[in-house]
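Listed here are the chains, written in short residue letters.
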Amino acid sequence: MKNTMKRVSALLMLMVLALTLAAQTQSAAEQLKENLRKAYGTDCPYPFDKGRLTPAPRGYKPFYISHYARHGSRYYWSDNLYKDLDTLLTVAHQRHQLTAEGEAFYRKFMDAKEELQTGATELTQLGWEQHQSIARIMYNNFKDVFRKGGNVLAISSLVGRCVMSMSAFCQELVQCNPKLEIREQASRFTLDGVVPSDDRNPHKRSFPRAKPRYEKNRGQFRYDNSLRERVLGRVFTTTDGLPGGDRRIYDHLINLYTSLPSIGHEGMMGHIVTDDEIVGQWEQANLGTYSWVFGPQYEVIPILQDIISKAEAVVNGSSDHVADLRFGHDSYIGPLTVLMGINGADLDPEDPYEVKNCYQNWETCKACNIQLVFYRTKKSRADILVKCLLNGVEATLPVPTDNYPYYKWADFRQFYLDRCKGK
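Residues numbered from 1 in each chain as written. Predicted model: local features only at pLDDT ≥ 70, side-chain atom pairs only at ≥ 80, totals over all residues. Heavy atoms only, no water.

### Let's talk about the overall build of the chain
Reasoning step 1: The secondary structure content of the chain amounts to 13 helices and 8 strands.
Reasoning step 2: A compact globule built from 423 residues would reach a C-alpha radius of gyration of about 22 Å, and the chain, at 23 Å, matches this within 12%.
Reasoning step 3: In terms of overall dimensions, the chain has a C-alpha envelope of 75 × 50 × 40 Å along the principal axes.
Reasoning step 4: The proportion of buried residues among the 423 residues of the chain is 53%. (Helix = DSSP H or I, 4+ residues; strand = E, 2+ residues; numbered from the N terminus. Rg over C-alpha atoms; globule rule 2.2 N^0.38 Å. Buried < 20%, exposed > 50% of the residue type's maximum accessible area, 1.4 Å probe, protein only.)

Have a look at this one:
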């Protein structure tokens, strides 16, 4: 009888997951229509999607939050983009190889060049404001966690934009409740919990890389490169003799375009490319991002272990933290999303056309974040539930539950400890 019940329970879980994924497949296209900038993928500014939060089961209240966030909007991650475009546009201008629209772009770029090259890699004002807003939303959503004050530990990558994102977030939390005591730390001592593969991490370990199954069927996917010709034709009369080659030039132009909202320079490129055209290229761009976040998923096992160990300490009473906050990069939170299987990101389909149904690269946007919210009752402090939010919206996990979006902490803990041991 017990085995039969287990099989029925497992079947129900699969059905629930299938329905959830079906809903996500529909919503991916709908979300792109509602917010074209989601097609920017990892360059998408934080969208602040509003999702209704499911009330906790009767008697349960939140008492602890474990969190990982990417830094907010920034200038481009390397000044090479700006330097290469400076050289390219200067040469094209001198050789009279720019169209009228290309000349207009050239002048606007040159006016902003000093700012762009100086600001490269750094957090922008928008990035600061994103983390302020996310912190206040977290506080307002889960006031029971923070109401009495308490201790918070925030750790960051050693990179400035992450440190500043941490500072913005923590300052806003203290504005919400001055009773909070927040320790901010950007240190080699804590790298294992936020950017474990950093060469400066004294505990750095080696992990195998993974390869998504769809890659063996890449040939089935129809790639459309027509936009490249259109974009280049709008900027240049010819690209003959220009540095970089057509593909690199095109990539630079697209990378600049999708970064403009984060740095306050929308309109710099005129009509050289449009959001609608970026949407048309989204699915193939999403494939590339999936490979990029799927490959290093085991490298973020130390982050997941840090999440589990710190939460366990709070649950058993050896830690008095009301929250543990982490601030890092897309190259860690993206793989963490896959490792944890958030919203089915670990499903690893063979069909390249199915990838969009389990992972959408805007989920790894600027200031993206995972929040694990812990709940308990007065009757049984050992009966702990966990809920996962991805970018503020309730998310599915591959952990069995009959009470979505709530998962039993014991099940959550064991499932992910087993997953960490697998590699």
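### Brief notes about the layout of surface pockets
Reasoning step 1: A volume near 1,300 Å³ is recorded for the largest pocket.
Reasoning step 2: Along its surface, the largest pocket is lined by 34 residues, and T42, D251, N255, A285 and T289 are the ones closest to its centre.
Reasoning step 3: Contributions of two or more residues to the lining of the largest pocket are made by α7 (226–235), α8 (246–263), α10 (282–294) and α12 (330–340).
Reasoning step 4: Of the residues belonging to the lining of the largest pocket, the class tally is 12 nonpolar, 13 polar and 9 charged. (1 Å grid on protein atoms, 1.4 Å probe; cavity = no way out; pocket = protein on both sides within 12 Å on 5 of 7 lines; lining within 4 Å. Points joined across faces, edges and corners; volume = space filled by probe spheres on them. Nonpolar A, V, L, I, M, F, W, Y, C, P; charged D, E, K, R; others polar.)

### Quick look at the nonpolar core
Reasoning step 1: Grouped together as the largest cluster of nonpolar side chains are 124 residues, with contacts concentrated most on F146, F236, L253 and L256.
Reasoning step 2: Among the elements that line this core, the one with the most residues is α8, at 8 residues. (Core = buried A, V, L, I, M, F, W, Y, C linked by side-chain atoms within 4.5 Å.)

### A closer look at the packing of aromatic side chains
Reasoning step 1: By the definition in use, this model includes 19 aromatic pairs.
Reasoning step 2: Ring centres of Y64 and F374 lie 5.2 Å apart, and the angle between their planes is 55°; this geometry places the pair in the tilted category. Of the two residues, Y64 sits in strand β1 (residues 61–70) while F374 sits in strand β5 (residues 369–376), which places them 310 residues apart along the sequence. F374 shares its class with Y64; the two are buried.
Reasoning step 3: Aromatic pair F169 and F327: ring centres 5.5 Å apart, planes at 65°, arrangement edge-to-face. Note that F169 is positioned in helix α6 (residues 160–176) and F327 in strand β4 (residues 321–328), a separation of 158 residues in sequence. Side by side, F169 and F327 carry an identical accessibility label, which is buried.
Reasoning step 4: Taken together, the ring pairs in this structure connect F63, Y64, F374, W409, F412, F415 and Y416 into an aromatic cluster.
Reasoning step 5: Positioned above the aromatic ring of F63, the side-chain terminus of R376 is 3.9 Å from the ring centre. (Phe/Tyr/Trp six-rings, centres within 6.5 Å; stacked < 30°, edge-to-face > 60°. Lys NZ or Arg CZ within 6 Å of the ring centre and 35° of its normal.)

### A short note on the confidence of the model for the chain
Reasoning step 1: Mean pLDDT over the chain stands at 93; residues scoring 70 or higher make up 94%.
Reasoning step 2: Taken together, the stretch residues 1–26 has pLDDT below 50 and engages in 12 contacts with residues farther than four places along the chain or on a different chain. (pLDDT = per-residue confidence, 0-100. Contact = heavy atoms within 4.5 Å.)

### Overview of the pattern of salt bridges
Side chains bearing opposite charge may pair, as long as their charged atoms lie close to each other.
Reasoning step 1: Under the defined criterion, the tally for this structure stands at 24 salt bridges.
Reasoning step 2: Across the pair D43 and K366 runs a salt bridge whose closest N-O atoms are separated by 2.6 Å. Of this pair, D43 sits in the loop between α1 (2–34) and β1 while K366 sits in the loop between α12 and β5; the two residues are 323 residues apart in sequence, bridging distant segments of the chain.
Reasoning step 3: In this structure, the salt-bridge partner of K83 is D79, at a minimum N-O distance of 3.2 Å.
Reasoning step 4: On the basis of relative accessibility, which here comes to 41%, the residue K83 falls in the partly exposed class.
Reasoning step 5: Judged by relative accessible area, which is 26%, D79 ranks as partly exposed.
Reasoning step 6: Three or more residues joined by partner-sharing salt bridges are found here, namely R213, K216, D348 and E350. (Salt bridge = Lys/Arg side-chain N within 4 Å of Asp/Glu carboxyl O.)

### What to know about the environment of E103
Reasoning step 1: Structurally, the position occupied by E103 is in helix α3 (residues 100–119).
Reasoning step 2: Each C-alpha atom, one on E103 and one on G328, is 38 Å from the other, the two residues being 225 residues apart in sequence.
Reasoning step 3: For E103, the contacting residues outside a window of four places in its chain are H93 and L98.
Reasoning step 4: At a separation of 3.1 Å, a polar atom in the side chain of E103 contacts the side chain of H93. (Polar contact = N/O pair within 3.5 Å; in protein donor to acceptor, adjacent residues only side chain to side chain.)

### Focus: the environment of V91
Reasoning step 1: Structurally, the position occupied by V91 is in helix α2 (residues 80–94).
Reasoning step 2: Between the C-alpha atoms of V91 and D351, which are 260 residues apart in sequence, the distance is 43 Å.
Reasoning step 3: Apart from residues no more than four positions distant in its own chain, V91 is found in contact with L242 and P243.

### As for empty space enclosed by the protein
Reasoning step 1: As enumerated under the stated definition, the model contains 1 cavity of 30 Å³ or more in all.
Reasoning step 2: A volume near 50 Å³ is recorded for the largest cavity.
Reasoning step 3: Lining the largest cavity, in full, are T337, I342, N343, A345, C358, Y359, Q360, E363 and L390.

### Focus: α6
Reasoning step 1: Along its 17 residues, α6 runs 24 Å from first to last C-alpha, staying within 8% of the 24 Å computed at 1.5 Å per residue.
Reasoning step 2: Along α6, the residues classified as buried are R161, C162, S165, M166, S167, A168, F169, C170, E172, L173 and C176.
Reasoning step 3: Looking at the packing, one finds that the buried side of α6 touches β1, α4 (125–141), α5 (143–146), β2 (150–156), β3 (180–185) and β4. (Expected span 1.5 Å × (residues − 1).)

### Side note on the packing of α7 against α8
Reasoning step 1: With their axes 10 Å apart at the nearest point, α7 and α8 run at an angle of 80° to one another. Between α7 and α8, the interaxial angle falls into the category roughly perpendicular. Only D246, R247, I249, Y250 and L253 of α8 make contact with α7, whose side of the interface consists of L227, R228, V231, L232 and V235.
Reasoning step 2: For the contact of α7 with α8, the residue count by class is 7 nonpolar, no polar and 3 charged. (Axes fitted to C-alpha atoms, helices over the stretch in contact; angles between N-to-C directions. Parallel < 35°, antiparallel > 145°, perpendicular 65-115°, else oblique.)

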